[in-house]
Amino acid sequence: MLLLKTFKLCSLAVLFDEDQKHGATDRGKEIPLVDGLIINKEEAQKDWLLDAVITPEWKPFFEEFQRNDQHFMAEVTITKKTNDPATLVCNVKAINDLHDNVSIHLDGILVVKNDDLSDMLLKNLIKEGYKGDNLFEEFKRRKKDRGQAIQGILSNVYNQVKQKGYYDSESS
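Conventions adopted
Residues numbered from 1 in each chain as written. Predicted model: local features only at pLDDT ≥ 70, side-chain atom pairs only at ≥ 80, totals over all residues. Heavy atoms only, no water. Phe/Tyr/Trp six-rings, centres within 6.5 Å; stacked < 30°, edge-to-face > 60°. Buried < 20%, exposed > 50% of the residue type's maximum accessible area, 1.4 Å probe, protein only. Helix = DSSP H or I, 4+ residues; strand = E, 2+ residues; numbered from the N terminus. Arc of directions from axis to C-beta. Core = buried A, V, L, I, M, F, W, Y, C linked by side-chain atoms within 4.5 Å. Contact = heavy atoms within 4.5 Å. Pairing = 2+ DSSP bridges.

Asks: Requested: an account of the packing of aromatic side chains, with residues and values cited.
Replies: A ring pair, where both rings are aromatic, is described by two values, the distance of the centres and the angle of the planes. Enumeration over the complete set of coordinates arrives at 6 aromatic pairs. Ring plane angle 90 degrees and centroid distance 5.2 Å describe the contact between Phe61 and Phe62, whose orientation is recorded as edge-to-face. Considered together, Phe61 and Phe62 belong to a single accessibility category, that of buried residues. With centroids separated by 4.5 Å and ring planes inclined at 45 degrees, the aromatic side chains of Phe65 and Phe72 adopt a geometry described as tilted. A relative accessible area of 3% means that Phe65 is categorised as buried. Cluster of aromatic residues (ring-pair linked, three or more members): Trp58, Phe61, Phe62, Phe65 and Phe72.

Following this line, the structure appears as structure tokens:
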């Protein structure tokens, strides 16, 4: 029996890596959602289905990914925007015009939950020599900032995903 759990998709951000054609100033884009849902297929591969309802001006952005059969990393939050985000490797399965908006169907594989990012960040800080109160304060700062430290971790995860064969990097 296939069990599916459906949740409200609250936010979607497309993340980029240095390997991709986007410049460093275009490392990610927050996609404004009109509506959306995300379905956990409850499978060992951590597969998710996403339906993001967006405004028409975003259609060409996703058409390029679909046309090139290009996978990308995305950060999503479910149920409410204040929840911790999860990182998925996604590909565009379908683009459907609605009356006033566009529905984008994505397949995604969960690669990082926020707890995993926190663990990775903490390990990196320890390797950098932080200890005691300094470790705690730097951890809080970097976790809140979600800047370069998190982007570096995500780049490492992105490379690990390529190596594990979740997708063929030659087609991305």
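Picking up after the structure, the text goes on.
Asks: Could you give an account of helix H1 (residues 59-67), with specific residues and numbers?
Replies: Where H1 is concerned, the buried positions are Phe61, Phe62 and Phe65. The buried residues of H1 occupy one face: seen down the axis, they fall within an arc of 85 degrees. Downstream of H1 by a residue or two, Asp69 has a phi angle that is positive, lying close to 45 degrees.

Asks: Quick one: what's the story with the nonpolar core, residue by residue and with numbers?
Replies: Core analysis: the biggest nonpolar cluster contains 25 residues, and Phe62 and Phe72 have the highest contact counts within it. Mapped onto this core, the elements with two or more residues apiece are strand S1 (5-15), strand S4 (47-54), H1, strand S5 (72-78), strand S6 (86-97) and strand S7 (102-113). When residues of this core are assigned to their parent elements, the largest contribution, 5 residues, is made by S6.

Asks: With reference to specific residues and values, describe the side chain of Asn40.
Replies: Within the secondary structure layout, Asn40 lies in strand S3 (residues 35-40). Not counting residues within four places of it along the chain, the set of residues in contact with Asn40 comprises Leu3, Leu4, Lys5, Phe7, Asp47 and Trp48.

Asks: Break down the pairing of S3 for me, citing the residues and quoting the values.
Replies: Two strands pair when backbone bridges link them, and S1 and S3 are joined in this way by 4 bridges, in the antiparallel orientation. Each residue of the ladder has a partner; that of Lys5, found in S3, is Asn40. Both S3 and S4 contribute to a ladder of 6 bridges, which runs antiparallel. By the bridge assignment, Ile39 is partnered in S4 with Leu49.

Asks: Give me the lowdown on unusual backbone geometry, citing residues and values where you can.
Replies: Of note, the phi angle at Asp69 is positive, near 45 degrees, even though the residue is not glycine. Position of Asp69 relative to the elements: it lies in the loop between H1 and S5. For Thr79, which is not a glycine, the phi torsion comes out positive at approximately 70 degrees.

Asks: Pulling in residues and values, what's your account of the pairing of S1?
Replies: Looking at chain direction, S1 and S5 are connected through 6 bridges and run antiparallel. Across the sheet, the residue bridging to Val14 is Ala74, located in S5.

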